[in-house]
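Remarks on the overall topology
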Amino acid sequence: QLQLVESGGGVVQPGGSLRLSCAVSGFTLDYYAIGWFRQAPGKEREGVSCISPSGGSKNFADSVKGRFTISRDNAKNTAYLQMNSLKPEDTAVYFCAAESSWSWCSGDPDDYDYWGQGTQVTVSS
């Protein structure tokens, strides 16, 4: 059974920080790019950030550049999304996903093969 499980979501005040984790079981991360996506009520699922299998390539949505950091620890089969300077508009369900890749990563959810269940992030005063 191939699974990705997100954790670390919660409620924070604007300007606060949160670190999301994506734990993978059933396969190793060495040959998979990892993407983080989010979906707010009534909106399309959008790409937030992604990282290539080796960590050599990273991409960020314009809305989170300079605030979010993506990383991975293949030995632990875990990927992370560090979110700083959070804004109310960051409120959404956050998903991690994996796709087979050589050295790139995609921000298109249709490119991903495996998905986690999502974790809620709420930024509010």
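Criteria and cut-off values
Residues numbered from 1 in each chain as written. Predicted model: local features only at pLDDT ≥ 70, side-chain atom pairs only at ≥ 80, totals over all residues. Heavy atoms only, no water. Phe/Tyr/Trp six-rings, centres within 6.5 Å; stacked < 30°, edge-to-face > 60°. Helix = DSSP H or I, 4+ residues; strand = E, 2+ residues; numbered from the N terminus. Buried < 20%, exposed > 50% of the residue type's maximum accessible area, 1.4 Å probe, protein only. Core = buried A, V, L, I, M, F, W, Y, C linked by side-chain atoms within 4.5 Å. Contact = heavy atoms within 4.5 Å. Pairing = 2+ DSSP bridges. Axes fitted to C-alpha atoms, helices over the stretch in contact; angles between N-to-C directions. Salt bridge = Lys/Arg side-chain N within 4 Å of Asp/Glu carboxyl O.

Attention now moves to the packing of aromatic side chains. A complete count under the given rule lists seven aromatic pairs for this structure. Judged by centre distance (5.4 Å) and plane angle (35°), the ring pair of Phe 27 and Tyr 114 falls under tilted. Taken as a pair, Phe 27 in the loop between strand E3 (18-25) and strand E4 (32-39) and Tyr 114 in strand E10 (residues 114-115) lie far apart in primary sequence, 87 residues in all. We classify Phe 27 as buried; its relative accessible area is 11%. A relative accessible area of 26% means that Tyr 114 is categorised as partly exposed. Summarising the aromatic geometry, the rings of Phe 95 and Trp 115 are spaced 6.3 Å apart at their centres and angled 75° between planes, so their arrangement reads as edge-to-face.

A few words on the nonpolar core. The biggest cluster of nonpolar side chains holds 28 residues, and the ones touching the most others in it are Trp 36, Leu 81, Met 83 and Tyr 94. Of all elements in the fold, only E3, E4, strand E5 (46-51), strand E7 (68-73), strand E8 (78-83), strand E9 (92-100) and strand E11 (119-123) reach the threshold of two or more residues within this core. When residues no more than four places from it in sequence are discounted, the contact partners of Leu 81 are Leu 18, Arg 19, Leu 20, Trp 36, Val 48, Ser 49, Phe 68, Thr 69, Ile 70 and Tyr 94. In this structure, Ala 33, Phe 37, Cys 105 and Tyr 112 belong to the second largest nonpolar core, which totals six residues.

Turning our attention to the sheet that holds E8. Spatial strand order, E1-E3-E8-E7: four strands in an open sheet with antiparallel pairing. Bordering the open sheet on either side are strand E1 (3-7) and E7, each of which pairs with just one other strand. The sheet shows a mean angle of 15° between the axes of neighbouring strands, taken without regard to direction. In the sheet, E1 pairs with E3 via five bridges, with the strands oriented antiparallel. Following the sheet pairing, Leu 4 is matched in E3 by Val 24.

On to the pattern of salt bridges. Evaluated as defined, the whole model comprises four salt bridges. Arg 38 serves as the salt-bridge partner of Asp 90, at 2.9 Å between the closest nitrogen and oxygen. Taken as a pair, Asp 90 in the loop between E8 and E9 and Arg 38 in strand E4 lie far apart in primary sequence, 52 residues in all. Arg 38 shares its class with Asp 90; the two are buried. Judged by relative accessible area, Asp 90 falls into the buried class, the value being 1%.

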